[in-house]
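Close look at the chain arrangement
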Amino acid sequence: MTDSVDIKPRQFGWNRRALLQGAAASMTIPALARATEAFAQEKLTGSGEVVVYSYGGSFTEGVRRQVYEPFTKATGIKVVDVVADLAEPQVKAMHQAGRIDWDIAYVVAQNYPEMHEAGMFVPIDYSLWDEESLAGTPARTRLKDAVAIYGVGMVLAYDQRAYPERGPQSWADFWDVKKFPGPRGLFASEATRNIVSALLAAGVATKDIWPLTDDKIGQAFDKLSGLKPHITKWWAAGGEPIQLLINREYAMSNVYDGRALAAIRQGAPIKLVWNGGYLRYNYATILKGGPNTANAQKLFAFLNRARIAAGWTQGTGYPGPNTNQLDYLPAELIPLLNINPENIGKCVIEDTGWLAAKRPDGKTNVDYLQERWLAWRTR
Amino acid sequence: MAYTISSTEIQKTTRALQPARPTPWAWLMLPGSIFLAVLFVVPLGWLLLLSFGAPDWTIAHFVRIAQNPAYIGVLRTTLQISCVVTALTFVLSYPIAYALTTGGTKLRTFLLIAVVLPFFTSVLARTFAWVVLLGRNGVINEILLQLGWVSQPVALLYNRIGVIAGMTHVVMPLMILPMLTVMSSIDQRLLRAARANGASPLAAFLTVFLPLSLPGLIAGILLVFINCLGFYITPALLGGVSDVTITMEISAQVVGQLNWNFGAALSTVLLVAVMAVLWLGSRFFPIEQLLGFSDDKIGLDKTARRQMGTQWLMRIGSAANALDRWLPSMGGRGIPIFASFLAVLLLLPVVIVAYLSFSASSYFVFPVPGYSLQNYERYFSDPLWLRATVTSIRIALMATTMATMLGAMLAFGLSRGRIRGRGAMIALVLSPIIMPTVVVAVATYFVLVQVGLQGTEFGLALGHAVHAIPYVVVIVVANLRDLNPTYERAARSLGAGPLATFRTIIAPLVMPALIVAAFLAFLISFDDVVYVLFLGIGRIATLPMRMWEGITQDINPTIAAVATLQMVFATIVIFVNTLLGRRKAQS
Amino acid sequence: MLMRAMPSSTDVKTGGIALHSLQKRYGAAMAVDDVSLSVSPGEFISLLGPSGSGKTTTLMMIAGFEMPDSGRVLLDDKDITRLPPHRRELGVIFQNYALFPHMTVAENVAYPLRMRRVPKAQLEARVNRVLDQVHLGAFAARRPHQLSGGQQQRVAIARALVFDPPVLLLDEPLGALDKKLRQHLRNEIKTLHRDVGKTMIYVTHDQEEALAMSDRVAVMHEGRIRQVSAPQDIYRRPADLFVASFVGEVNLIPAKLRSGVAHGPADETLAAPAWSDGDMDATLCVRPEHLHLGTGEAAAPGIQGHVTGMTFVGDATIVEFRSNSGLQLTSKVLNISAGAMLGVGDNCTASWATNDATILTE
């Protein structure tokens, strides 16, 4: 570990300058070509292919440009991407059918425990990882058979045009319709994040959020009921709140940080409030019985290298857990990312263990929350 | 001498009284039945087992549904929305279908385009078009405010109104096309006969045209109602927080929370509820007969009931006749004018989508800040988009071929086979579209994976065919009623073998219905995003799939450009069809 | 069929139809061109012509389904040109009858009464009475497709009569039937006309039908009425070449009329009625049954030639004749006696009585 710390500044000193000069284009292929020297003895070299799941659209395009192409160039392993809305149902189906056509899938944290117990994943070979990668990636994000692939923040965003002086700074402000009038938006499909926002608005401290006891849930629903008339539209698709903020149908809403990032970089007048954000990790897993497990291990090791992790972040807007990537990211980007320690410090981090835990009646806490959410929203 | 009953009539009567025995036509059901059995019944059975917790048997999932009023509430909401949309669609579609049947070539082409194009607009682009029209700062609110009719913007979107408008807009082809095929086969001279016998235009319509168009109408209502149950993207995008449909919930359970047993239990409840609704419906309306299944199986009570329906319309018709002198006369132009007005309404969102596709902004902004072809450039310069387009067309063609052939054979068998348990067979054929697509898709995956067809275009086409067969069957059956068996007997007597009879007599007579059915099957395959997610195992990128990614991952008007290109293509197809039809009529 | 007189609403004889200069154009084609016709109450008139002659269009203008571009339609001196069809009170019997397939026989017949909101009790009585009159009482609950062609026609008639219209319009009602049935139904319609005394306007392309049934026949061609006359006059005194050749068989002999004498192709003298228009070229029309073929000295003056063919048709023999000048003529000889007949190749002379020839100039 100390070795990697030693190496890092030397390498990065040169690179960092280049990156800063190169601004947004810094992580594209020319920069990488210059860096190939460092990978002269690439230990991940292999052959064949690896079948990797991703979400499609600009996400997949970004990953392909920033991660897959460098990976193929460095190792000779081709990346075949497969695209679906969500990977979990397909993984579960493949597992049940006994024919695994994929190597790598991303699963949301709350689904991980069930799938892990069903034995769907292969343990991750951390011995392939660089020292730097291991050092930069917090241990809590490196599980035995899964590794956090990226963090998603759900944060408060507002239209700067609606509040040119001073916008809302917390969920309490979000709830304060007198001080900050204007149409609001919240995510319709999921309970947890709205409940947490409501509790924060009610004055519950970040550290006291988990577990979500029935008392707290009741308190949150009361709070939400009070705000219900002011929510003009409960959004359902990730791009919606951004679109509606731009169209002035919303003055403020909760949004996915990565989606907001893409809009802000294109000049959208949207401001993010990290205070009270909700951070969730999605996990990358290698599927047991997949066609190219060895290559999958190599891709994991590769994409968690700080340099590549920074590429991932720029390609997708959602940063992976390796904090060393901060050294490779353009400075103007860092304040907008949840990997920024300053931002993550203000966020509530999802308690995946509690959410996936079973209640006495056999339902998981997530199921229970969703059921109450359904009852509340349809009432 | 002319007043004695002829011997053929006696034969006809006695034959009708004999117990039904399957005819050779029943054999036609075989291929389609096997197809559905393998690709749908097996998965359906698996699903049922799953809902009972197989292999650990339990009814806990059903208990959970029964205990939480929210699930029943969601089911009720779904049925409510479906009923309202079906009713509204019917009211709006009927005049359009009527004008399509009776209008000139120009009017027909215009109406057909207006009806079909909304189907080709991407759901997100369309949603934004609705925001432009119905939003707080939308066109309608602007007009209302300017007129001073309201002092504050009216909430037209993100509530039930928005859901209903958005859904109605898309399902109209499903109502209009079956109506159209049946209406075109109605003898216009019957209307003249009614007029000559003293019926005003309105009364003639109510007492003659309307009852004769019933099979198409029932087919349309059935298809639209069932189709509405499966909506979950439009309600999520246009609805309010409480507009949760059962399909949204099932989808969340299956895809989001991986609770397949519970999702299966919810689907089972949905299936049972819909079957119950249809069964109840058939108590009051003889759906089977109205759909056009031949008369000879009708029991006396059903004939009586049908008679009652006719009587009822007759009473309304005769009442309308009395009002005739007070009704304003539009000189027969009322319906075409009204239909054209509706068509313009249907086209408004479509036109907005086309307009947005030329936007220079990278977001949906109205009005566009500047014009640019960047969205089209992005489409044409991206091999992924182009490849997806070709893939979609290829899969849709495969699915259309299978669904049209198997569905048409099933329709003939069902209509003429005189098999026992026809009602059950019809229910089975309709089930693939009653069940939420996501559930059927997961189940079908397990069948395909047994033979290694997962992730292949053919496998996906098989799934689409299962989903399209019900549409084909309903449309063809509704049109078989007017296919007089005498023509076939005549052909047989003139020396045509069964195949030659089919080729020379049946096929040409059923062809219009088959074309419409094939067209719908194509649309259904071409529009799908759910089957492709499961059966494609991520390896097949179709056009709607790419557009769907555009919705979940990005928001940019490229999808508006893709939608516009699709609409241009559809328009060209309709135009060419019209021109060919005209040339054929001339030669 | 014995149809008792329908109870007439008034004792005044009504049902007179008058057409004044009707015109109807479809695109460039003139479908009906300046048609005027006056039909008296109770008259049976046929509109006879080949397809495309404008007869059905004319009928549909009377019924109100087509609007004339100009001209007027009068019913009992009331202008009904712009009146919608359902207020004209005219009974129409359509080609193929247009029975409503979704209604029973009784419902079909009741239809016009329902539309006139006739009280239920009276309605049933009238429907039953009419159905009995057409001998279909036992078929009241049947659907049209369960009836034979003849029965369907009687339902159509019953439906058109049940509301007691003063005029019946019939659009080729016998078109789809076999010959035997046609003859039978033709008689039924004639009997019906005699019994109910309604004005009937009957459209047909079958000249035999028109001649057999009508008080008067209006022959139409290319949108115009060529001749309106009693059937005998249509046959015996056709107004022009079209009428002559459309109605029945006819021999057309070109003739030069010079100083009161008609000359044939070989300058032979032909029998012809007197004319008053001076010298001209014309055509003589002679019906085959009026054309006599004689041999030897006994023959009347006429056209010289020989027999080219003979066809036995039961009651008569058709003899084909070819003149020395190449003219092909036909003679119809009734087989009254088994007398000496001509044979093929026999030389003979074709002649006719003066009054059996018609002079047509066109």
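Residues numbered from 1 in each chain as written. Chains lettered and ligands numbered in written order. Predicted model: local features only at pLDDT ≥ 70, side-chain atom pairs only at ≥ 80, totals over all residues. Heavy atoms only, no water.

Put simply, the rule reads: UniProt positions are given in the numbering used here, feature names are shortened, and annotations may be inferred rather than shown by experiment.
Going by the annotation in an unreviewed UniProt entry, the name recorded for chain B is Putrescine transport system permease protein PotH, with Bradyrhizobium ivorense given as the source organism. Check the Subcellular location (unreviewed entry) section of the UniProt entry for chain B; it says "Cell membrane". Turning to chain B, the UniProt annotation filed under Sequence similarities (unreviewed entry) states: "Belongs to the binding-protein-dependent transport system permease family. CysTW subfamily."

Going by what an unreviewed UniProt entry lists, chain A is known as Spermidine/putrescine-binding periplasmic protein and is assigned to Bradyrhizobium ivorense. Its UniProt record gives chain A a comment under Sequence similarities (unreviewed entry), which states: "Belongs to the bacterial solute-binding protein 1 family." As stated in UniProt under Subcellular location (unreviewed entry), the record for chain A gives "Periplasm".

1. Observations concerning the overall build of chain B
This is how the line gets drawn: Secondary structure follows DSSP: runs of H or I at least 4 residues long count as helices, runs of E at least 2 residues long count as strands, and numbering of each begins at the N terminus. Relative accessibility thresholds used throughout: buried, under 20% of the residue-type maximum; exposed, over 50%; partly exposed, between the two (1.4 Å probe, protein chains only). Contacts: residue pairs with any heavy atoms within 4.5 Å of one another. To be clear on the numbers: accessible area is Shrake-Rupley with a 1.4 Å probe, and residue cover counts the displayed protein chains and nothing else.
For chain B, the helix and strand inventory stands at 27 helices and zero strands. Here chain B holds 587 residues, and 58% of them are scored as buried. Contacts in chain B between residues far apart in sequence, at least 24 positions, make up 79% of those at least 6 positions apart. Here chain B has roughly 23,900 Å² of accessible surface; of this, 69% comes from carbon and sulfur atoms.

2. Notes on the packing of helix H13 (residues 246-256) of chain B against helix H21 (residues 437-450) of chain B
Residues and elements named next belong to chain B. Convention followed: A fitted line through C-alpha atoms represents every axis, and for helices the fit uses only the stretch in contact; the resulting angles, taken between N-to-C directions, go from 0 to 180 degrees. Note on residue classes: Ala, Val, Leu, Ile, Met, Phe, Trp, Tyr, Cys and Pro are nonpolar, Asp, Glu, Lys and Arg are charged, and everything else, Gly too, is polar.
Between H13 and H21, the least distance of the axes is 9 Å, while the angle of their chain directions is 35°. Judged by residue contacts, Ile-250, Ser-251, Val-254 and Val-255 of H13 engage Val-438, Val-439 and Val-442 from H21. Across the contact of H13 with H21, the residue classes tally to six nonpolar, one polar and no charged.

3. Describing helix H20 (residues 422-434) of chain B
Let me state the cut-off plainly: Expected helix span is taken as 1.5 Å per residue step, with the number of steps being one fewer than the number of residues.
For H20 of chain B, with 13 residues, the first-to-last C-alpha span of 18 Å sits near the 18 Å given by 1.5 Å per residue. Looking at H20 of chain B, one finds that the buried residues are Arg-422, Met-425, Ile-426, Val-429, Leu-430, Ser-431, Pro-432, Ile-433 and Ile-434 of chain B.

4. Some remarks on the sheet that holds strand S7 (residues 167-171) of chain C
Sheets are built from strands that pair by backbone hydrogen bonding, the pairs being arranged parallel or antiparallel. All names here are of chain C. Our working rule: The pairing criterion for strands is at least two bridges between them, as found by DSSP.
Spatially, six strands are ordered S6-S7-S8-S3-S9-S10 in an open sheet, and the strand pairing comes out mixed. Of all the strands in the sheet, the pair left with one neighbour each is strand S6 (90-93) and strand S10 (224-229). Neighbouring strand axes in the sheet, compared pairwise and without regard to direction, differ in orientation by 15° on average. In this sheet, strand S8 (residues 199-204) lies alongside S7 in parallel orientation, the contact comprising five bridges. Of the residues in S8, the one forming a bridge with Leu-169 is Ile-201.

5. With respect to the nonpolar core
Formally: To qualify as a nonpolar core, a set must consist of buried Ala, Val, Leu, Ile, Met, Phe, Trp, Tyr and Cys residues joined through side-chain atoms within 4.5 Å.
If you look at the biggest cluster of nonpolar residues, it comprises 349 residues, and the most contacted ones within it are Trp-102 and Tyr-106 of chain A together with Ile-96 of chain B. Element by element, the count of residues in this core is highest for helix H22 (residues 457-480) of chain B, at 16 residues. Membership of the second largest hydrophobic core comes to 37 residues, among which are Val-109, Val-118, Leu-136 and Val-196 of chain C.

6. With respect to the packing of aromatic side chains
Residue and element names in this part refer to chain A. Formally: Two aromatic rings, drawn from Phe, Tyr or Trp (for Trp, its six-membered ring), form a pair once their centres lie within 6.5 Å of each other, and the interplanar angle then sorts them: stacked below 30 degrees, edge-to-face above 60, tilted otherwise.
Applying the stated criterion to the full structure yields 49 aromatic pairs over all chains. For the pair Phe-187 and Tyr-256, a centre-to-centre distance of 6.2 Å together with 65° between the ring planes defines the contact as edge-to-face. A residue pair is termed long-range when its members are at least 10 positions apart, and Phe-187 in strand S5 (residues 184-187) and Tyr-256 in strand S7 (residues 252-256) qualify at 69 residues. When sorted by exposure, Phe-187 lands in the same class as Tyr-256, which is buried.

7. What about the sheet that holds strand S17 (residues 316-323) of chain C?
Residue and element names in this part refer to chain C. Strand order in the open sheet made by the five strands is S15-S19-S16-S17-S18, with antiparallel pairing throughout. The sheet terminates laterally at strand S15 (292-294) and strand S18 (328-334), the two strands that pair on one side only. Neighbour-to-neighbour, the strand axes of the sheet open up by a mean angle of 45°, direction not taken into account. Judged from the seven bridges that link them, S17 and S18 form a sheet pairing that is antiparallel. By the bridge assignment for S18, Ala-316 is matched with Leu-334.

8. What to know about the interface of chain C and chain B
One widely used convention gives an interface's size as the accessible area the parts lose upon coming together. Using the following cut-off: A 1.4 Å probe defines the accessible area here, and the buried area is the portion of it lost by two parts on being joined, summed over both. When a carboxyl oxygen of Asp or Glu is within 4 Å of a side-chain nitrogen of Lys or Arg, the pair counts as a salt bridge. Under the rule applied, a polar contact is a pair of N or O atoms within 3.5 Å (in protein, one hydrogen donor and one hydrogen acceptor; residues adjacent in sequence only if both atoms are side-chain atoms).
Counting from both sides, the interface comprises 43 residues of chain C and, opposite them, 37 residues of chain B. Around 3,400 Å² of area is buried between chain C and chain B when both sides are counted, 53% of it from carbon and sulfur atoms. We note a salt bridge from Arg-192 of chain B to Glu-66 of chain C, for which the minimum N-O separation is 3.4 Å. The interface formed by chain C and chain B includes seven residue pairs in polar contact (both at pLDDT 80 or more). Listing elements by their share of the side of chain C that touches chain B, those giving two or more residues are S6, helix H2 (105-115), helix H4 (149-161) and helix H5 (179-196) of chain C. The element that contributes the greatest number of residues to the side of chain C that touches chain B is H2 of chain C, accounting for five residues. Looking at the side of chain C that touches chain B residue by residue, the classes come out as 21 nonpolar, 11 polar and 11 charged.

9. Quick word on a nonpolar patch on the surface
Defined as follows: Residues forming no salt bridge and having over 30% relative accessible area are the ones grouped into patches, like charges within 9 Å of each other and nonpolar side chains (Val, Leu, Ile, Met, Phe, Trp, Tyr) within 5 Å.
On the surface, Leu-48, Leu-49, Phe-52, Trp-57, Ile-59 and Val-63 of chain B cluster together into a nonpolar patch covering about 560 Å² of accessible area. Among the secondary structure elements, Phe-52 of chain B is positioned in the loop between helix H2 (29-51) and helix H3 (60-67).

10. Things to note about the interface of chain B and chain A
Contact with chain B, which involves 53 residues of that partner, is made by 58 residues of chain A. Across the interface of chain B and chain A, roughly 4,800 Å² is buried in total on both sides, 55% from carbon and sulfur atoms. Area buried by chain B at its contact with chain A is led by Val-241, Leu-258 and Tyr-363 of chain B, which between them contribute 15% of it. Run the count over chain B and chain A and you get one salt bridge.

11. Digging into the environment of Leu-214 of chain B
Residue and element names in this part refer to chain B. Mapping Leu-214 onto the fold places it in helix H11 (residues 214-229). Looking at Leu-214, the relative accessible area reads 23%, which means it is partly exposed. On a C-alpha basis, the gap between Leu-214 and Met-402 in space is 28 Å, while along the polypeptide they are 188 residues apart.

12. Some remarks on the domain arrangement of chain A
All names here are of chain A. Rule in force here: What counts as a domain boundary in this text is fixed by an automatic or database domain assignment.
According to the domain assignment, chain A contains domain 1 (2-151 + 281-341) and domain 2 (152-280 + 343-378). For the domain 1 and domain 2 pair, buried surface summed over both sides reaches about 1,800 Å², with 59% attributable to carbon and sulfur atoms. Of all residues in domain 1, the largest losses of buried area upon contact with domain 2 belong to Gln-110, Leu-336 and Asn-338, amounting jointly to 33% of the total for that side. Summed over the shared surface of domain 1 and domain 2, the result is zero salt bridges. Inspection of the region where domain 1 meets domain 2 yields 10 residue pairs in polar contact (both at pLDDT 80 or more). Elements supplying a minimum of two residues to the side of domain 1 that touches domain 2: strand S4 (147-159) and strand S8 (270-286). By residue class, the composition of the side of domain 1 that touches domain 2 is 11 nonpolar, seven polar and one charged.

13. Quick notes on unusual backbone geometry
Here the amide bond leading from Trp-210 of chain A into Pro-211 of chain A is cis, since omega sits at -10°, within 30 degrees of zero. Relative to the helices and strands, Pro-211 of chain A is located in the loop between helix H8 (192-201) and helix H9 (214-227). Going from Phe-366 of chain B to Pro-367 of chain B, the amide bond is cis rather than trans, its omega being -10°. By the element assignment, Pro-367 of chain B lies in the loop between helix H17 (334-356) and helix H18 (374-381). The backbone phi angle of Arg-248 of chain A is positive, close to 65°, even though this residue is not glycine. We classify Arg-248 of chain A as partly exposed; its relative accessible area is 46%.

14. Regarding empty space enclosed by the protein
Residue and element names in this part refer to chain B. Heads up, the rule is: Computed over the protein atoms alone on a 1 Å grid, cavities are sets of points where a 1.4 Å probe fits but cannot get out and pockets are open sets with protein on both sides within 12 Å along at least five of seven lines; a residue lines them when it has an atom within 4 Å of a point. Grid points are joined across faces, edges and corners, and a volume is the space filled by probe spheres set on the points.
Following the criterion strictly, the structure yields 11 cavities of 30 Å³ or more and no others. Computed from the structure, the largest cavity encloses a volume of approximately 840 Å³. Phe-231, Ile-233, Asp-527, Asp-528 and Val-529 are the residues nearest the centre of the largest cavity, which is lined by 34 residues in total. Elements that contribute at least two residues to the lining of the largest cavity include exactly helix H6 (123-134), helix H8 (160-184), H11, helix H12 (233-238), H22, helix H24 (498-527), helix H25 (530-535) and helix H26 (543-553). Of the residues assigned to the lining of the largest cavity, the class counts are 23 nonpolar, eight polar and three charged.

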